[in-house]
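Fold and contact review
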Amino acid sequence: MSELDGINQHLEELRKRLLRIVLVIGIITAFILTFHAEPIQISGITMYYPSPDPLNNIAAQITNHMKTNLVPEDVRLIQTAPGQAFFAQVYIAALAGIVVGMPVIVKELVGFIKPALKENEIHVSRNITIPALGLFITGCVFSYNLVIPYILDFLYRYGESAGLVTFLNVIEFVTFVLQFLLAFGFSFQLPLVMYAISVSGMVDSDFWRKNIRYAIVIITIFGAVITPDGSGVTMWFIAGPMIALYLIGMIVIERKERKKLNT
């Protein structure tokens, strides 16, 4: 087999795996845009079942929940052009599709790079799949409940102090929220990334302790870039947890290495 044929085979496999990922995300997105989550009481427990309702779909329900829980008081959420509410729901449905389809995404990506991995690297990649999803969801929940409400309230106090009525475009609002959800979802993967790199043998545990100062600088810059205001306050809502996650990852790796040496 020539080198060109080998490259073509890899590209074909990549195309097939990406197509499967897109199909899974697309199906979940279409489901969220088509069905409404209808509540039902079973033995005193509220359960939900899907009911066809494209206009009042699950994405619209999520948008209403975000408006109720995140938009500061006296701030009006509006659309300024036809279709903005629809596209906002598409963004929300797509993010939900990515989160729900994360196991398939990880499975396909690991399957593609598996031939290039060593046996211990394959073992590591399998072991971190479920924790990666758990940390992603944890980061999103942390951001949704603690970070985003404070940042929005903090930023819109300036308008309130000036006696202004604030109108928030639904697209800008949804984009803002999704930006932070994704940022925290991925930033919470930091300990797992550190763990995977160390277990695969690329670096040892001392690497993370020796470079902690550089890591703090990089994390702080990342927090400053991703936050929308220049006050220097809101960036610590991202930088602070990431620094804590870095320290947790470093401690876990050091303990695991010491345990391995003792055995």
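Worth saying up front: this structure is predicted, and the values here are computed from it rather than measured.

Thresholds applied
- Residues numbered from 1 in each chain as written.
- Predicted model: local features only at pLDDT ≥ 70, side-chain atom pairs only at ≥ 80, totals over all residues.
- Heavy atoms only, no water.
- Helix = DSSP H or I, 4+ residues; strand = E, 2+ residues; numbered from the N terminus.
- Contact = heavy atoms within 4.5 Å.
- Areas by Shrake-Rupley, 256 points an atom, 1.4 Å probe, with all protein chains shown as cover.
- Core = buried A, V, L, I, M, F, W, Y, C linked by side-chain atoms within 4.5 Å.
- Buried < 20%, exposed > 50% of the residue type's maximum accessible area, 1.4 Å probe, protein only.
- pLDDT = per-residue confidence, 0-100.
- UniProt positions renumbered as here; feature names shortened; annotations may be inferred.
- Axes fitted to C-alpha atoms, helices over the stretch in contact; angles between N-to-C directions.
- Parallel < 35°, antiparallel > 145°, perpendicular 65-115°, else oblique.
- Left-handed = near helix turned anticlockwise from the far one by under 90°.
- Nonpolar A, V, L, I, M, F, W, Y, C, P; charged D, E, K, R; others polar.
- Patch = residues over 30% accessible without salt bridge, like charges linked within 9 Å, V, L, I, M, F, W, Y side chains within 5 Å.
- Salt bridge = Lys/Arg side-chain N within 4 Å of Asp/Glu carboxyl O.
- Expected span 1.5 Å × (residues − 1).
- Polar contact = N/O pair within 3.5 Å; in protein donor to acceptor, adjacent residues only side chain to side chain.

**A word on the overall build of the protein**
- Summing up its helical and strand segments, the protein has 11 helices and 4 strands in all.
- Restricting the contact set of the protein to residue pairs at least 6 apart, pairs at least 24 apart contribute 75%.
- In the form shown here, the protein has an accessible surface area of approximately 15900 Å², with 66% of it arising from carbon and sulfur atoms.

**Digging into the nonpolar core**
- Among the nonpolar cores identified, the biggest contains 44 residues, and Leu70, Ile148, Phe173, Val177, Phe180 and Leu181 are the most heavily contacted of them.
- Among the secondary structure elements, those contributing two or more residues to this core are α2 (58-70), α3 (84-100), α4 (102-113), α6 (129-161), α7 (170-187), α8 (190-199), α10 (212-226) and α11 (236-262).
- Take this core: its biggest share by element is 11 residues, from α7.
- When neighbours within four sequence positions are excluded, Leu70 is seen to be in contact with Tyr144, Ile148, Pro149, Leu152, Phe173 and Val177.

**A word on the confidence of the model for the protein**
- On average, the protein scores 82 in pLDDT, and the residues at 70 or more come to 89%.
- Here helix α5 (residues 119-127) stands out as the element of the protein with the lowest mean pLDDT, 59, in contrast to α2, whose mean of 90 is the highest.

**Brief notes about the UniProt feature "transmembrane region" (unreviewed entry) in the protein**
- Under the UniProt annotation, the feature "transmembrane region" (unreviewed entry) is placed at residues 18-37, 86-106, 127-152, 164-190, 211-227 and 233-253.
- In residues 18-37, helix accounts for 85% and strand for 15%; the two terminal C-alpha atoms are 29 Å from one another.
- As annotated, residues 86-106 has a helix share of 95% and a strand share of 0%, and its two end C-alpha atoms lie 29 Å apart.

**Observations concerning the packing of α6 against α7**
- Where α6 meets α7, the closest approach of the two axes is 7 Å, and the angle between their N-to-C directions is 135°. In this view, α6 runs oblique relative to α7, as classed from their interaxial angle. By crossing handedness, the relation of α6 to α7 is classed as right-handed. Contacts from Leu135, Phe136, Gly139, Cys140, Phe142, Ser143, Tyr144, Val147, Ile148, Ile151 and Leu152 in α6 reach Phe173, Phe176, Val177, Phe180, Leu181, Leu182, Phe184, Gly185 and Phe186 in α7.
- When the residues that make up the contact of α6 with α7 are grouped by side-chain class, the tally is 17 nonpolar, 3 polar and no charged.

**Overview of a nonpolar patch on the surface**
- On the surface, Ile40, Ile42, Ile45, Met47 and Tyr49 cluster together to form a nonpolar patch covering roughly 460 Å² of accessible area.
- Put simply, the parts of the chain that give the nonpolar patch at least two residues each are β1 (35-42) and β2 (45-52).
- If you tally residues by element for the nonpolar patch, the top one is β2, at 3 residues.
- Tracing the backbone shows Ile40 in strand β1.

**A look at the environment of Val90**
- Its location among the elements puts Val90 in helix α3.
- Of the residues examined, Val90 reaches a relative accessible area of 23% and is grouped as partly exposed.
- The sequence separation of Val90 and Ala30 amounts to 60 residues, and the corresponding C-alpha distance is 8.9 Å.

**Examining the packing of α3 against α7**
- It is the contact of α3 with α7, at a shortest axis distance of 9 Å, that shows an interaxial angle of 10°. On the basis of the axis angle, α3 is roughly parallel to α7. α3 and α7 meet at a crossing whose hand is left-handed. Side by side, α3 and α7 meet where Gln84, Ala85, Phe87, Ala88, Tyr91, Ile92 and Leu95 of the first sit next to Val170, Ile171, Val174, Thr175, Leu178, Leu181 and Leu182 of the second.
- Classifying every residue of the contact of α3 with α7 by side-chain character gives 12 nonpolar, 2 polar and no charged.

**Observations regarding the pattern of salt bridges**
- This structure, assessed with the given rule, holds 4 salt bridges.
- Across the salt bridge formed by Arg20 and Glu108, the nearest N and O atoms sit 3.2 Å from each other. One end of the pair, Arg20, is in helix α1 (residues 3-34); the other, Glu108, is in helix α4, and 88 residues separate them in sequence.
- Residue class for Arg20 comes out partly exposed when judged on its relative accessible area of 38%.
- Its salt-bridge partner being Arg209, residue Glu254 comes within 2.7 Å of it at the nearest N-O pair. Here Glu254 is found in helix α11, whereas its partner Arg209 is found in helix α9 (residues 205-210), with 45 residues between them in sequence.
- Residue class for Arg209 comes out partly exposed when judged on its relative accessible area of 46%.
- Ionic contacts of the salt-bridge type, sharing partners, join the residues Arg17, Arg20 and Glu108 into one network.

**Examining α2**
- Taking 1.5 Å per residue, 13 residues should reach 18 Å; α2 reaches 18 Å between its end C-alpha atoms and fits that length.
- Those residues of α2 that fall on the buried side of the exposure criterion are Ile58, Ala59, Ala60, Thr63, Met66 and Leu70.
- The opening residue of α2 is Asn57, an N-cap whose side-chain oxygen sits 3.1 Å from the backbone nitrogen of Ala59.

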